[in-house]
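Given next are the chains, with one letter for each unit.
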Amino acid sequence: MKVFGQIAAALLAPQATESVNVASTRWGDLNASASIFNDNQAMTSSGDSPRDNNVANKNIVAGVDLGGGSIKFALIEENSEKIIARHTIHHEGDVEPAAIVERIKNGIDVMISQVDGLSTHNLKAVGIGAPGKAADGIHVEGLANFPSWKGKIPISNMVSDKLGNVCPVNVCNDADAALAGESWIGAAKGSEDTVMFTLGTGVGFAAISGGHFIKGAAGTIEGGHYPLIPYGRQCACGQRGCMEVYCSGTAIVNRMKEDINNRKNKLPLYDDHVRKAARTELDIRDAEFLAREELENLDPEYLPLVDATTLTEDSTVADIFASEDRYAELLVVETVKYLAAGILTSMRMFDPKVVIVGGGVTKAGDKLLLPLREEIEFITWKHLPTEQEIKFAELGDDAGSVGAAAVAIGIGK
Ligand SMILES: [Zn+2]
């Protein structure tokens, strides 16, 4: 992406750079091997030692993924696009900003100590991804996992001071980070027009158009909270019918719990007729005119399926996607319909070349991806056919840290 390149070059201009002579590594391999390493252990691609004396002369960027339960770190050699160290700090979450800044410094120090000849002075940039608003690159606000943080916290400046002001420090929203990472070296590499949905406990959203993030006037674009269903389910954000209350991992599990609980208590199966409409092949608009009883009568076989399922109220999203139950299959079909409608909206509104779907829910793999592509193909217009790819994210657990580093070097600016 030319814009990214210019900014990255400007950032790096005063620094001597050298060509990087290391074996290229497929990200899939890195992700696959990551799970066998313990936290706090240096990670390199197969065959490459972290004790690389030349690495100190290369372009090193640190990425920090600030989560409520853990802070994940990655050190990336920019030119080769390789992770040369990783680190994770597990923590209790909502503590004061100064304590988090201290942990961020410690995490970066640990990674640097894993690479011979490297010091904080070799850092070209530090990027921090946070689950809240970070419109100006300096302050964070409204962090979901840190409710005790009030007002705007200048976390970039605090971290920069802690590190001795050795390099620029940037903070960004974690959904933006995920998209920047995929645009840099993941599933959207080469695309300047990409949107991304991150399906986890909520639904994160970010969009890059013409190589630049779409930020909005207040920096609060929240695609997961657009009203998928008018007057639909109540969302925690205060609106009704948000995409998040239909498509997040939490939403999928909640629907399962409702079904099981309603059958147990002999209550009507559905609390809203949109669910019924989505699970059948009905057009939602037609369903608006049907009473709940009529809708239930459309699919009487569904009730015994709920009774017979091996899923319980304690089952997880992973259990649902792993289940061979007919009931679980229908739950997935229902989810695919909501998700397809949400993604299709983004395709019409942003005209992306690539739509990335990331987050924990995508661990379902082809069981979700293939029917999702099929459904979008089915419901999309035939008016102006365009090539738009639907892909799952590729960076896995590195998405947050690598993405924050990507934003810090100018991806999407
Ligand atoms: Zn909402």
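Everything discussed here concerns the structure shown above.
The rules we used
Residues numbered from 1 in each chain as written. Predicted model: local features only at pLDDT ≥ 70, side-chain atom pairs only at ≥ 80, totals over all residues. Buried ≥ 20, exposed ≤ 12 C-beta atoms within 10 Å, placed from the backbone. Helix = DSSP H or I, 4+ residues; strand = E, 2+ residues; numbered from the N terminus. Pairing = 2+ DSSP bridges. Right-handed = clockwise from strand over helix to strand, strands pointing away. Axes fitted to C-alpha atoms, helices over the stretch in contact; angles between N-to-C directions. Parallel < 35°, antiparallel > 145°, perpendicular 65-115°, else oblique. Left-handed = near helix turned anticlockwise from the far one by under 90°. Contact = placed C-beta atoms within 7 Å. Nonpolar A, V, L, I, M, F, W, Y, C, P; charged D, E, K, R; others polar.

Draft legend 1. Focus on the pairing of strand E5 (residues 169–173). Most of E5 is tucked away, with five of its five residues classed as buried. One ladder, built from five bridges, connects strand E4 (residues 123–130) with E5; its direction is parallel. Note on E5: the bridge partner recorded for Gly127 is Asn170. One crossover worth recording links E4 to the parallel E5 by way of helix H4 (residues 155–162), and it is right-handed.

Draft legend 2. Structural context of unusual backbone geometry. Even without being glycine, Asn165 reaches a positive phi, approximately 50°. Considering the arrangement of structural elements, one finds Asn165 in the loop between H4 and E5. The phi dihedral of Tyr231 falls on the positive side, at around 55°, and the residue is not glycine. Along the chain, Tyr231 turns up in the loop between strand E8 (212–213) and helix H6 (244–247). Residue classification places Tyr231 among the exposed residues on the basis of 10 C-beta atoms within 10 Å.

Draft legend 3. Layout of the pairing of strand E1 (residues 60–66). Here E1 lies mainly inside the structure; seven of its seven residues are buried. Here E1 shows a buried face lined by Ile60, Ala62, Val64 and Leu66 and a second buried face lined by Val61, Gly63 and Asp65. One ladder, built from seven bridges, connects E1 with strand E2 (residues 70–77); its direction is antiparallel. Across the sheet, the residue bridging to Gly63 is Ala74, located in E2. Between the antiparallel neighbours E1 and E2 lie three residues. Note that E1 and E4 share six bridges and pair parallel. Each bridged residue has a counterpart across the sheet, and for Gly63 the counterpart in E4 is Gly127.

Draft legend 4. Seen up close, the packing of helix H3 (residues 97–113) against H4. H4 packs onto H3 with a crossing angle of 50° between their chain directions and a minimal axis gap of 9 Å. Relative to H4, H3 is oriented oblique. For the crossing formed where H3 meets H4, the hand is right-handed. Contact residues: H3 offers Pro97, Val101, Ile104 and Lys105, while H4 offers Ile155, Met158, Val159 and Lys162. Within the contact of H3 with H4, the residues separate by chemical class into six nonpolar, no polar and two charged.

Draft legend 5. Quick look at the sheet that holds E1. Read across the sheet, five strands follow the order E3-E2-E1-E4-E5 without closing on themselves; strand pairing throughout is mixed. Each having just a single partner strand, strand E3 (82–90) and E5 make up the two edges of the open sheet. If you compare each strand with its neighbour and ignore which way they point, the axes differ by 20° on average. Sitting on the sheet, H4 is in contact with E4 and E5, with an inclination near 145° to E5. Here helix H5 (residues 174–185) sits on the sheet in contact with E4 and E5, set at roughly 105° to E5.

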